[in-house]
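# Chains, contacts and geometry: an overview
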Amino acid sequence: MKTLLTNQRQGFTLIETFVATIILVFAVIGPLGLMARAINDSNYAKNQITAFYLAQEGLELAINQRDKNTTQDIDPNLWLDGLDECTGDGCGLDIDRNDGNINVISSCQDIETEDCRLYIENDDGLKRYTYETSSMSEASSFYRLLKVEPLDEFFMKARLSATIRWANKDKWRTFSLSTVILNQDLIVGDGGGDDTEF
């Protein structure tokens, strides 16, 4: 004889459906949270790299001005001519697009002011950071301040420092880079060069 089962299961119970839904939600939300964190970390890393290159560019502009002074037939004591305004509170340095000379932005003395803000200039697809505002530029989140500090009483060497400040989400971040430069006209045969510090 056959016995008939009258109580056969035909589907999922409400509790099984609820548990499956919770497992599915956690399976989707977990990777999304990791992806959001990865995007945030990559933006921070991108800004850190940009800050490093902006600091390096600032130091190179000052070194370029020193080199320009030492290759001209001028008084060797004027090896930092054009960078005078960068001693003390600091300054900004920028390249003039028209003649290639280095411009000193003397109003940039506090990195927290708008005078030190860098702008992204987009000219024919070429982007560069500048202190100048124009119709082709937009404000960036980066600020740059350069300082020159004499290291000896004879003013034969000086420390250049570049500080970059930028906003990352709701926190301000800073990055500094410095190097020691020498008066190459007065120092002969020391075998040393410029020393960069991080």
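Note that the structure is a prediction, hence the values are computed from the model and not measured.

## A look at the overall build of the chain
Secondary structure summary: the chain contains one helix and eight strands in total. Overall, the chain shows an N-to-C arrangement of helices and strands of α-β-β-β-β-β-β-β-β. Carbon and sulfur atoms make up 54% of the accessible area of the chain, which amounts to about 13,100 Å² in all.

## Describing the pairing of strand β1 (residues 92-95)
Pairing between β1 and strand β2 (residues 102-105): four bridges, direction antiparallel. Residue G92 lies in a different strand from β2, and its bridge partner there is I105. The turn linking β1 back onto β2 is made up of six residues, and G100 within it adopts a positive phi angle of 80 degrees.

## Structural notes on the state of the cysteines
Across all of its chains, the model carries two disulfides by this definition. Each disulfide pairs two cysteine sulfurs, and for C86 the partner residue is C91, the sulfurs being separated by 1.7 Å. Here C86 and C91 share a disulfide; its torsion about the S-S bond, 55 degrees, makes the bridge right-handed. Overall, the relative accessible area of 1% leaves C86 in the buried class. Note on C91: relative accessible area 0%, which makes it buried. One disulfide in the model links C108 with C116; its S-S distance is 2.0 Å. Its S-S torsion of about 110 degrees marks the bond between C108 and C116 as right-handed, since a negative value means left-handed. Classification of C108 as buried rests on a relative accessible area of 0%.

Rules and cut-offs
- Residues numbered from 1 in each chain as written.
- Predicted model: local features only at pLDDT ≥ 70, side-chain atom pairs only at ≥ 80, totals over all residues.
- Heavy atoms only, no water.
- Helix = DSSP H or I, 4+ residues; strand = E, 2+ residues; numbered from the N terminus.
- Areas by Shrake-Rupley, 256 points an atom, 1.4 Å probe, with all protein chains shown as cover.
- Pairing = 2+ DSSP bridges.
- Disulfide = S-S within 2.5 Å.
- Buried < 20%, exposed > 50% of the residue type's maximum accessible area, 1.4 Å probe, protein only.

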